[in-house]
Amino acid sequence: MTAPTELIDQARAWAAEDPDEQTRAELEALVAAAERGEETDLADRFAGTLEFGTAGLRGALGAGPNRMNRVVVTRAAAGLAAHLRATGHAGGSVVIGYDARHNSDVFARDTAEIMTGAGFKALVMPRTLPTPLLAFAIRELGCAAGVMVTASHNPPQDNGYKVYLGDGSQIVPPADEQIAAQIAAVGAIADLPRGDAGRPVGEEIVDRYLDTVAGLAEDGPRELSIVYTPLHGVGGSTVAQVLETAGFEAPHVVEEQEHPDPEFPTVSFPNPEEPGAMDLAMALAARQRADLVVANDPDADRCAVAVPDAHGWRMLRGDEVGALLAHHLLARGRAGTYANSIVSSSLLGKMAAAAGQPHEETLTGFKWIGRVEGLAFGYEEALGYCCDPEHVRDKDGVSALLLVCELAAQARAEGRTLTDLLDDIARTHGLHATDQLSVRFEDLSEIAATMDRLRAAPPQALGGLAVERVEDLAQGTDLLPPTDGLRYSLAEGARVIVRPSGTEPKVKCYLEVVVPVEEGVEDGVDAARISAAGRLDAIKADLRGVAFGQPAEA
Ligand SMILES: O=P([O-])(O)O[C@H]1O[C@H](COP(=O)(O)O)[C@@H](O)[C@H](O)[C@H]1O
Ligand SMILES: [Mg+2]
């Protein structure tokens, strides 16, 4: 079938303004193929414009408005500049960071040129560095905004664009809609004034960040054998330096994943949440008889932790790491609001309450958690933690990693482990076990169809637990703005939330069950863990059928 003339015209017009030879040639080849009547993905490339999701713009690299490329980035930068001007920040500073993905540096340069062309001061981070360093720089340098070019943990063919305002947090409504409207109003990109490539931020910013993060750890035990992987991303040198500054011995680093590589050659997805991503690290830990495995995602705003157990090495869930960090900070008397996203465990609220500290729940994404007023500590199940909200109003995989190491070393000095600490927490508050079922779709329309199906026919019971309450989060609640998602409150304190991912073509189901730990029984926590695991499996099996029409065993 020949592509409609309108689409072909649109594609030609787009190619004509594309400053990137490669994407221009790609589009011209697609147009030629479409004219020969061949099947192409041209329609998808023009099906819409990349929109601000959970963490800014994110999508596959390639030509067209529905992809990440120099035209889309240039327009985004121009839209952001217009927004900043409209909100009284004309002439202010914008700091720009970038990771080591394909074209991240090119997109950072385009952003800088558009900013200087629009009369702003563009400050460009000195080299590929973690996202939290950019978030830190915004506040430290008193900028009006920040941009981080990264697609975080997405596959190699993606890139992305995180946008922050002067408070150091990522944009939320209405700013994202206002910026989107400004982007839509950008005219021909050839007419946009371009200035110079901005001024590099001095290497001192890294030193200031390192000192600030290392300062979070107090004097105390440092004996710990650590295995670390930056997962082919940009965390490596920063983490090594933070650990050293804080007095730890150098970690054993997974050699194959030590240096930034945009192809992420040893993993199928460079996301520590994905099965297999931590295999090399855990194998090295077994060989080294290490105490702990820590990992970052490629832009080092997430931190993953694995610990040895009776059967080898076990990845801790984000909720477990969140509880451990909260435990650590509460024990230190850190006062203020403890916050987590709704898809994270309800445990944090109980821990905060027991310590007399306020607690808040937010929508998914650090753009929400980072802006909680009076934040003392925030976390989300997606391996994101904010342990120093004064300096970094975003998740920070480097500071979280340091505090986890500090806590593990402290426990070790007392002959204990992180698992022992988790058991203590379970004894006090009950065992809160969480799990996730997420399904990746090739066909994006399946995502909306899944949500529609669930809205039309809510489950009555899941895993043998009655669904006591169904909330459509799209309606908003007293405490939360509307968001696409469904929340099921089940009997016995269990709950399930289903929502489309805002960063990847996935539907995610977040499960939590709470099992009381029998007092005075020696293996009470183990028994609760086994029972919780059984319940989670049963809920998952039912969800596979109800939400995704898969057989229970799939
Ligand atoms: O990519 P990162 O590491 O910045 O992580 C991003 O995506 C995660 C998953 O979001 P979603 O479930 O919508 O895909 C969010 O929880 C996180 O706050 C956001 O910054
Ligand atoms: Mg990340």
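All values reported here derive from a predicted model rather than from experimental measurement. (Residues numbered from 1 in each chain as written. Chains lettered and ligands numbered in written order. Predicted model: local features only at pLDDT ≥ 70, side-chain atom pairs only at ≥ 80, totals over all residues.)

1. Overview of the overall build of the protein
A count of helical and extended segments in the protein gives 17 helices and 21 strands. Over its C-alpha atoms the protein spans a radius of gyration of 24 Å, differing by no more than 12% from the 24 Å that the globule rule assigns to 554 residues. Its C-alpha atoms put the protein at 75 × 55 × 45 Å along the principal axes. Sorting the 554 residues of the protein into buried and exposed places 52% on the buried side. Within the protein, contacts between residues separated by at least 24 positions form 69% of all contacts whose residues are at least 6 apart in sequence. (Helix = DSSP H or I, 4+ residues; strand = E, 2+ residues; numbered from the N terminus. Rg over C-alpha atoms; globule rule 2.2 N^0.38 Å. Buried ≥ 20, exposed ≤ 12 C-beta atoms within 10 Å, placed from the backbone. Contact = placed C-beta atoms within 7 Å.)

2. Here's the deal with the pairing of strand β7 (residues 226–229)
Judged by which residues are buried, β7 turns out to be covered on both faces: Ile226 and Tyr228 on one side and Val227 and Thr229 on the other are all buried. Bridge count between β7 and strand β9 (residues 292–296): four bridges; the pairing is parallel. For isoleucine 226, the partnering residue across the bridge sits in β9 and is leucine 292. Where β7 lies against strand β8 (residues 252–253), two bridges are found, and the strand directions are parallel. Bridging across to β8, tyrosine 228 finds its partner in valine 253. Crossover handedness for the path β7 to helix α9 (residues 236–245) to β8: right-handed. (Pairing = 2+ DSSP bridges. Right-handed = clockwise from strand over helix to strand, strands pointing away.)

3. Topic: the site of ligand 1
Around ligand 1 lies a shell of 18 residues, among which Thr54, Ser152, Ser501, Gly502 and Thr503 are the nearest. Across the shell around ligand 1, the residue classes break down as three nonpolar, nine polar and six charged. (Near = placed C-beta within 6 Å. Nonpolar A, V, L, I, M, F, W, Y, C, P; charged D, E, K, R; others polar.)

4. As for the domain arrangement of the protein
Accessible area lost during the coming together of the parts is what is often quoted as the interface size. Split into domains, the protein comes out as domain 1 (1–47), domain 2 (51–201), domain 3 (207–427) and domain 4 (430–548). One C-alpha centre belongs to domain 2, the other to domain 4; they are set 35 Å apart. (Domains from an automatic or database assignment.)

5. Some words on the UniProt feature "domain: Alpha-D-phosphohexomutase alpha/beta/alpha" (unreviewed entry) in the protein
Cross-referencing UniProt, the feature "domain: Alpha-D-phosphohexomutase alpha/beta/alpha" (unreviewed entry) maps to residues 51–185, 208–309 and 318–425 in the present numbering. A distance of 37 Å separates the end C-alpha atoms of residues 208–309, which is 26% helix and 18% strand. Counted over residues 318–425, helix gives 47% and strand 17%. Its end C-alpha atoms are 15 Å apart. (UniProt positions renumbered as here; feature names shortened; annotations may be inferred.)

6. Some points on the nonpolar core
Formed by 172 residues in total, the largest nonpolar core has its most connected members in Val293, Val294, Leu325, Val404, Cys405 and Val496. The element contributing the most residues to this core is helix α14 (residues 397–413), with 11 residues. For cysteine 405, the residues in contact, after removing those within four places along its chain, are Leu224, Ile226, Leu243, Phe248, Leu292 and Val294. (Core = buried A, V, L, I, M, F, W, Y, C linked by C-beta atoms within 7 Å.)

7. Quick look at the sheet that holds strand β12 (residues 337–341)
Pairing is mixed across the open sheet formed by four strands, whose spatial order is β13-β12-β14-β15. Each edge of the open sheet is held by one strand with a lone partner, namely β13 (359–362) and β15 (384–386). In this sheet, neighbouring strand axes are inclined to one another by 15° on average, regardless of whether the strands run parallel or antiparallel. In terms of strand pairing, β12 meets strand β14 (residues 375–380) through four bridges, oriented parallel. Across the sheet, the residue bridging to asparagine 340 is tyrosine 379, located in β14. Of the strands in this sheet, β12, β14 and β15 touch helix α11 (residues 318–331), which is tilted by about 165° from β14. Sitting on the sheet, helix α12 (residues 347–354) touches β12 and β13, and the angle it makes with β13 is about 160°. (Axes fitted to C-alpha atoms, helices over the stretch in contact; angles between N-to-C directions.)

8. As for the pairing of strand β5 (residues 158–165)
For β5, a buried count of eight out of eight residues is recorded, marking the element as mostly surrounded by other parts of the structure. Both faces of β5 are covered, namely the face carrying Asp158, Gly160, Lys162 and Tyr164 and the face carrying Asn159, Tyr161, Val163 and Leu165. In this structure, strand β1 (residues 57–60) lies alongside β5, joined through four bridges in antiparallel fashion. Of the residues in β5, the one forming a bridge with arginine 58 is glycine 160. Alignment of strand β4 (residues 145–149) against β5, held across five bridges, turns out to be antiparallel. Pairing of valine 147 across the sheet is with valine 163, part of β5.

9. Some details on the confidence of the model for the protein
With 99% of its residues at a pLDDT of at least 70, the protein reaches an overall mean of 96. Model confidence for the complex is summarised by a pTM of 0.96, with the ipTM given as 0.95. (pLDDT = per-residue confidence, 0-100.)

10. Let's talk about the environment of asparagine 159
Here asparagine 159 is to be found in strand β5. Measuring from C-alpha to C-alpha, the distance between asparagine 159 and serine 104 comes to 7.4 Å, with 55 residues separating the pair along the chain. Those residues within four positions of asparagine 159 in sequence are excluded, and the remaining contacts are Leu61, Met68, Arg101, His102, Asn103, Ser104, Phe107, Val149 and Ala151.

11. Brief notes about α11
Compared with the 20 Å implied by 1.5 Å per residue over 14 residues, the 20 Å span of α11 between its first and last C-alpha is a close match. Extensive coverage of α11 is indicated by the burial of 12 of its 14 residues. If you check which residues of α11 are buried, you get Gly318, Asp319, Glu320, Val321, Gly322, Ala323, Leu324, Leu325, Ala326, His327, Leu329 and Leu330. Looking one or two residues past α11, glycine 333 carries a phi angle of roughly 80°, positive in sign. (Expected span 1.5 Å × (residues − 1).)

12. Examining the packing of helix α1 (residues 5–17) against helix α2 (residues 21–35)
In the contact formed by α1 and α2, the axes pass within 9 Å of each other and the chain directions differ by 160°. As judged from the angle between their axes, α1 and α2 are roughly antiparallel. Judged by the sense of rotation from one axis to the other, the crossing of α1 with α2 is left-handed. Counted together, Ile8, Ala11, Arg12, Trp14 and Ala15 of α1 and Arg24, Leu27, Glu28, Leu30, Val31, Ala34 and Glu35 of α2 form the full contact between these two elements. Looking at side-chain class alone, the contact of α1 with α2 contains eight nonpolar, no polar and four charged residues. (Parallel < 35°, antiparallel > 145°, perpendicular 65-115°, else oblique. Left-handed = near helix turned anticlockwise from the far one by under 90°.)

13. Some points on the environment of tyrosine 488
Position of tyrosine 488 relative to the elements: it lies in strand β19 (residues 486–490). Tyrosine 488 gets classed as buried once you count the C-beta atoms within 10 Å, which come to 25. Counting along the chain gives 21 residues from tyrosine 488 to valine 467, while the straight-line C-alpha distance between them is 6.2 Å. With residues up to four places along the chain from it excluded, the contact list for tyrosine 488 reads Pro459, Leu462, Val467, Val470, Arg495 and Val496.

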